[in-house]
Amino acid sequence: MKRISYILVSRNDNYNGDSVGRCVNTVNHACEIIAKNNVVDQSEVVLVDWCSRSGSLRESISSRLVPEAKGLLKIVTVPPEVADRHQGDSPFSEVHAMNVGFRNMEGKHFARIDQDTLIGQRFMDWFYHEYEVKDYGWSWPRAAFCSRRNLSEDQSHHSVFRDYIYDQQLSRKVDICHEHNHYSRLMPNGEVFPFYGGAVGVMMVDRECYLEHKGFNEKLVYMNSMDTEFLNRIAAKEDIYNLCLSIDADFYHQNHDRSEGASNDTTQPHAQQEGERKTNDLDIRNKMIDNPNPDNWGLLDEDLEITIV
Amino acid sequence: MISYFKKKLNKAKTAYENKSLQILKYLDRELNYEQSLKYYTEQDKIKKLTMEYKSYKFENEIHSLSSMPETAIEEIIRINKRITEHTWGVILEADKVSDINVYIAQMNKVQINARKANFFVVTDSEDILLKLNDVFNWMNKIFYIVPNTYNHNIDKKYRNSINFHCLKHLEKHVSTPGSVHMNMLKEIGGIQVTVPNQNRVFCFNSKRLVPGS
């Protein structure tokens, strides 16, 4: 069994600009940093192509992949006719797509990164050389969450983004996204922003833990808050590793506009950049809800096309 | 005469304009604070310490209260007035801080379990104090780091002792390993000093963060 599966979900469209270009960057960078660290045998990258309506993502990106992707990248294609049976009126059900990624991964750890977010070197050092490798006399938590940094437009440029990832001083100069969550700030009303409540850098869940909780709640087919809801369920039962502070937010979000982003989501610092995409009810952050997923969650009964690049 | 009045009126106009701008700025800050309790709002970075501070060295030698000048005693009283029964001492010797996030995580844990907790930070580094003020504040309005005072007329040699005398009244502390003050506090007895384990500290029991807990 591989140790880790990086799960990315996306589709062939122009969401908030060149989403396919950003996805190619993320896939290529993930494969490059894995190869650079000599951990190919312990890793895989799973890209779930969810509901591409104008040609598959696989076809669209195949000629743009780096050589390191060979043997590392697996693409699971969920065509629109299948996706539409599950996602209701949502244009892109991330929860289903991520559960599909889980069902088709080989790794012991599910590691969800956004399709436009880049992995940093501190994470590589931590995961491959410390997490469950070093025995400190206590059990490592089965779930971990890391916030991310937002590359500016200039920092996102293909000619420089690697500098901001590999240079340890420069990397810390990139703005942290959702700082209140990153530092778990205590508000004057006595509430605490949980470190796992901000924008995702990586959300890691051990395979057994994921199964016990039946994955992402497939009722939450719209944007945002699904990670927090899932982690709330885990947090109610066991420790979560604060990877945000441990590796100091070592994930890097590529800059893009937000015209098609979330609407009416007051949990976002950029809420004033009102988008048009429907979001999950914010209430799911503030109360515990049951996960009603059926046994075949993650489209277990669907026959999906899987391509190893 | 006319030009004199014009000059005066212009001066008054500028003064009113400046005052109005100040009031508007203040109201914006208040609104921002109010909204922050309901909506996610960008935090204003603190780039300059909002308290008095001058770096000094940690030392083993502590001046007794009776041997200190009156101004130093007054300083201790002034600081103690800002300290509550919920205040934790935080002792950070800069050369022993390899990763400030270790201490931020430990302080987070304190706050998660005791929402009234605040921190009296004793450190020989202005950068560390600035960082903690930036992290543990709310919209530049509510501070969970107890503000220090620093009377510049007090001889520098008493600074270490002033802070120690303030710390010894606190029951709970977070400290860098083997700090000078930690060892002395332990000798007093009945005082809890936590040195965070730099790996274990990031494991969070988050049950109290879960809705409805």
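## Things to note about helix 5 (residues 159-167) of chain B
Count 3.6 residues to each turn of an α-helix, and residues three or four apart come out pointing the same way. Residues and elements named next belong to chain B. Among the 9 residues in helix 5, 9 count as buried, and that is most of the element. Considered for burial, the residues of helix 5 that qualify are Arg-159, Asn-160, Ser-161, Ile-162, Asn-163, Phe-164, His-165, Cys-166 and Leu-167. Elements that come into contact with the buried residues of helix 5 comprise helix 2 (70-82), strand 1 (87-92), strand 2 (118-123), strand 5 (172-175) and helix 6 (180-188).

## Here's the deal with the sheet that holds strand 2 (residues 43-50) of chain A
On the basis of which strands lie adjacent, the open sheet formed by 9 strands has the order 12(A)-3(A)-2(A)-1(A)-4(A)-9(A)-6(A)-10(A)-7(B) and mixed pairing. The open sheet has two edge strands, strand 12 (305-308) of chain A together with strand 7 (203-204) of chain B, and neither has a second partner. The pairing of strand 2 of chain A with strand 3 (residues 73-78) of chain A spans 6 bridges and is parallel. Bridge pairing in strand 3 of chain A links Leu-47 of chain A to Ile-75 of chain A.

## Let's talk about the sheet that holds strand 5 (residues 117-119) of chain A
Residue and element names in this part refer to chain A. The 4 strands lie next to each other as 5-11-7-8, forming an open sheet whose pairing is mixed. Looking along the sheet, the strands with just one partner apiece sit at the ends: strand 5 and strand 8 (175-176). Strand direction decides the pairing type here: strand 5 and strand 11 (residues 251-253), joined by 3 bridges, are antiparallel. Its bridge partner being in strand 11, Ile-119 is matched across the sheet by Phe-251. Docked against the sheet, helix 5 (residues 121-129) engages strand 5, strand 7 (149-150) and strand 11, running at close to 55 degrees with respect to strand 5.

## Digging into the packing of aromatic side chains
Using the criterion set out here, one finds 32 aromatic pairs over all chains in the structure. Aromatic pair Phe-127 of chain A and Tyr-128 of chain A: ring centres 4.9 Å apart, planes at 90 degrees, arrangement edge-to-face. With centroids separated by 6.0 Å and ring planes inclined at 65 degrees, the aromatic side chains of Tyr-4 of chain B and Phe-5 of chain B adopt a geometry described as edge-to-face. The class for Tyr-4 of chain B is partly exposed, based on a relative accessible area of 47%. Judged by its relative accessible area of 49%, Phe-5 of chain B is partly exposed.

## So, the domain arrangement of chain B
Residues and elements named next belong to chain B. Each domain of chain B was delimited in the assignment, giving domain 1 (1-42) and domain 2 (65-209). Each of domain 1 and domain 2 was reduced to a C-alpha centroid, and the two centroids are 37 Å apart. Between domain 1 and domain 2, the residue contacts involve 7 residues of the former and 4 residues of the latter. Together domain 1 and domain 2 conceal approximately 460 Å² of surface at their shared face, both sides included; 68% is due to carbon and sulfur atoms.

## So, the interface of chain A and chain B
Each partner contributes residues to the interface: chain A has 41 residues there, and chain B has 37 residues. Where chain A abuts chain B, roughly 3,400 Å² becomes buried across the two surfaces, and 60% of that area is made up of carbon and sulfur atoms. Residue Glu-179 of chain A is joined to Lys-45 of chain B by a salt bridge in which the shortest nitrogen-to-oxygen separation is 3.2 Å. For the pair chain A and chain B, the interface holds 16 residue pairs in polar contact (both at pLDDT 80 or more).

## Regarding the nonpolar core
In this structure, Tyr-6, Phe-123 and Trp-126 of chain A together with Leu-132 of chain B are the most contacted members of the largest nonpolar core, which totals 119 residues. Other than its neighbours up to four places away in sequence, Leu-132 of chain B contacts Leu-92, Ile-100, Ile-104, Met-107, Val-121 and Ile-145 of chain B. Counting 24 residues, the second largest nonpolar core, distinct from the first, contains Met-68, Ile-83, Phe-164 and Ile-191 of chain B.

## Brief notes about helix 4 (residues 94-103) of chain A
Of all 10 residues that make up helix 4 of chain A, 9 are buried, and the element is covered over most of its length. Residues Glu-94, Val-95, His-96, Ala-97, Met-98, Asn-99, Val-100, Gly-101 and Phe-102 of chain A constitute the buried set of helix 4 of chain A.

Criteria and thresholds
Each chain has its residues counted from 1, running along the sequence as written. Whichever chain is written first is A, and whichever ligand is written first is 1; the rest continue in order. Only residues with pLDDT of 70 or above have their local features reported here, since the model is predicted, and side-chain atom pairs are shown and tallied only from 80 upward, although totals for entire chains, interfaces and linings are computed over all residues. Excluding hydrogens and water, the side-chain values take into account all heavy atoms of the structure. The buried label applies to any residue whose accessible area, calculated with a 1.4 Å probe on protein chains only, is under 20% of its type's maximum; exposed applies above 50%, and partly exposed to all values in between. Helix and strand assignments come from DSSP, with helices taken as H or I runs of at least 4 residues and strands as E runs of at least 2, each series counted from the N terminus. Contacts are assigned to residue pairs with any non-hydrogen atoms lying within 4.5 Å of each other. Following DSSP output, two strands are said to pair if at least two bridges run between them. Structural elements are reduced to axes, namely lines fitted to C-alpha atoms, with helices fitted over the stretch in contact, and the angle between N-to-C directions of any two is expressed from 0 to 180 degrees. Note on aromatic pairs: the rings of Phe, Tyr and Trp (six-membered ring only in Trp) are paired at centre separations within 6.5 Å, and the planes decide the class, stacked below 30 degrees, edge-to-face beyond 60, tilted for the rest. Each domain's limits were defined by an automated method or a database of domain assignments. As a working definition, buried area equals the accessible area (1.4 Å probe) given up by two parts on being put together, with both sides summed. Counted as salt bridges are all cases of a side-chain nitrogen of Lys or Arg within 4 Å of a carboxyl oxygen of Asp or Glu. Pairs of N or O atoms are called polar contacts if they sit within 3.5 Å, as long as, within protein, a hydrogen donor faces a hydrogen acceptor (for residues adjacent in sequence, only side-chain-to-side-chain pairs). In these notes, a set of buried Ala, Val, Leu, Ile, Met, Phe, Trp, Tyr and Cys residues joined through side-chain atoms within 4.5 Å is what counts as a nonpolar core.

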